[in-house]
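Residue-level structural notes
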Amino acid sequence: ESQACSAKQFPEYGKDYGFDVVILDAKCDAQAESQLVSNAVAQKIRAIFLNPNDINAIVPAVMKAKQAGMIVGMFSSDLAPQNQKFRDFFVGVNDTMAGEAAGEAFLKKFPNGATIVEVGGQAGHDAQIKRHDGFNKKIKGSKITVIDYKTPQQWATAEAMSITEDLVVKHGKKIQGVFCHWDNGVTGVAQALKAANMMDGMFIVGVDGNRAGFDQVRKGTQSVTIMQNFENMSKKSMEAARAVIDGKKIEPINFIPLDIVDMKNIDQFTAPEW
């Protein structure tokens, strides 16, 4: 949903940077993505913004794009460090910082400590690893204790619900809070906690700031959402490409600040489409 939303923003704001934007949709097929990059090279496209389904499979096509003189911007997902020389820049969020922000929310809520559980994102995913590491780094040495941590096989709401059900059986009322790596996962977490009559006073933090996250914060079922701003991400990507075209020096890695959204400040933000 986040990428469908972004796909609307590039054409909408492209004219502000002198761009005529074309959207190439590979429908999450790695082979089709590589072919689309090759097609863009053949069409002599000046710049391309990529959020590939497979950051390794896309590399040969990206190399061809660079050899052809195309500006390559990675959007939301970056290439592996050894392949970053084949792109001009990356624009996205720092998932380590997202985890740290979640940790800060728990430290603020529980200055005297609490026992909580962590429901991770898709096992082995870059965002899951960084959000976990950032979160645990932030709370290290504090009185916040993570008594259990489990990850699903997919970013699936049903899996988050099942994991939480297991955690409730195992730990029961010891659980005072939940850090879930994504807002749609929080939906499943909350369903499991409601079924166990454990929602009263429960502190739940998720990452994404999507429609589900906003709705859940407004309803009080989610305490905090760490919001990714894809509008700013899209604009910054085009700003960077424009700078390269104009011969200006740019930073190769550009992190978009995360917004910490709770019931107190939610009306300050535009509700997301995705």
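In the block above lies the structure referred to throughout.
The structure displayed is predicted, hence computed values, not measured ones.

Turning our eyes to something else, we now look at the side chain of H181. Relative to the assigned elements, H181 resides in the loop between β6 (177–180) and α7 (183–195). The buried category is assigned to H181, whose relative accessible area is 0%. Reaching out from H181, the side chain makes a polar contact with the backbone nitrogen of G121 at a distance of 3.0 Å. Setting aside chain neighbours within four positions, we find H181 in contact with E118, V119, G120, G121, Q128, R131, H132, Y149, W155 and V207.

Another aspect to go through is the sheet that holds strand β2 (residues 71–75). The strand order across the open sheet built from four strands is β1-β2-β3-β9, with neighbouring strands paired in parallel fashion. Taken across any chain shown, the strands that pair with only one partner, and hence form the sheet edges, are β1 (47–50) and β9 (253–255). Taking the axes of each pair of neighbouring strands and ignoring which way they run, one obtains an average angle of 20 degrees across the sheet. As paired strands, strand β3 (residues 89–92) and β9 are joined by three bridges and run parallel to one another. Looking at β9, one finds that V91 is bridged to N254.

F106, F135, F179, F203, V205, I226 and M233 are the most contacted members of the largest nonpolar core, which has 36 residues in total. Counting residues in each nonpolar core, the second largest holds 18 residues, with V117, V119, L167 and M202 among its members.

Burial along β6 is two-sided: G177 and F179 facing one way and V178 and C180 facing the other are all buried. With four bridges connecting them, strand β4 (residues 114–119) and β6 associate as parallel partners. Counted as the bridge partner of V117 is V178 from β6. Note that β6 and strand β7 (residues 203–208) share three bridges and pair parallel. Bridged to F179 within β7 is V205.

Another aspect to go through is the pairing of strand β5 (residues 144–150). Examined bridge by bridge, β4 and β5 share six bridges and lie parallel to one another. In the sheet register, I116 faces β5, and the bridge partner there is V146. After leaving β4, the chain enters helix α5 (residues 126–139) and then returns to the sheet as β5, a path that is right-handed.

Per the stated rule, a full pass over the model turns up twelve salt bridges. D25 is paired through a salt bridge with K27; the nearest N and O atoms lie 3.5 Å apart. Across the pair, K27 and D25 agree in class, each one exposed. Measuring nitrogen to oxygen at the nearest pair gives 3.2 Å for the salt bridge that ties R242 to D246. We classify D246 as partly exposed; its relative accessible area is 45%.

What follows deals with α5. Its 14 residues give α5 an end-to-end C-alpha distance of 20 Å, which sits within 8% of 20 Å, the value for a rise of 1.5 Å per residue. Every buried residue of α5 is accounted for by A127, Q128, R131, H132, G134, F135 and I139. Residues of α5 that are buried make contact with α4 (95–109), β4, β5, β6 and β7. Two residues or fewer past α5, G141 is found with a positive phi of approximately 85 degrees.

At a minimum axis distance of 8 Å, the contact between helix α2 (residues 30–42) and helix α3 (residues 59–67) shows a crossing angle of 10 degrees. Of the possible angle classes, the one that applies to α2 and α3 is roughly parallel. On α3, the residues touching S34, V37 and V41 of α2 are A61, V62, K64 and A65. The class makeup of the residues in the contact of α2 with α3 is five nonpolar, one polar and one charged.

Criteria and cut-off values
Residues numbered from 1 in each chain as written. Predicted model: local features only at pLDDT ≥ 70, side-chain atom pairs only at ≥ 80, totals over all residues. Heavy atoms only, no water. Helix = DSSP H or I, 4+ residues; strand = E, 2+ residues; numbered from the N terminus. Buried < 20%, exposed > 50% of the residue type's maximum accessible area, 1.4 Å probe, protein only. Polar contact = N/O pair within 3.5 Å; in protein donor to acceptor, adjacent residues only side chain to side chain. Contact = heavy atoms within 4.5 Å. Pairing = 2+ DSSP bridges. Axes fitted to C-alpha atoms, helices over the stretch in contact; angles between N-to-C directions. Core = buried A, V, L, I, M, F, W, Y, C linked by side-chain atoms within 4.5 Å. Right-handed = clockwise from strand over helix to strand, strands pointing away. Salt bridge = Lys/Arg side-chain N within 4 Å of Asp/Glu carboxyl O. Expected span 1.5 Å × (residues − 1). Parallel < 35°, antiparallel > 145°, perpendicular 65-115°, else oblique. Nonpolar A, V, L, I, M, F, W, Y, C, P; charged D, E, K, R; others polar.

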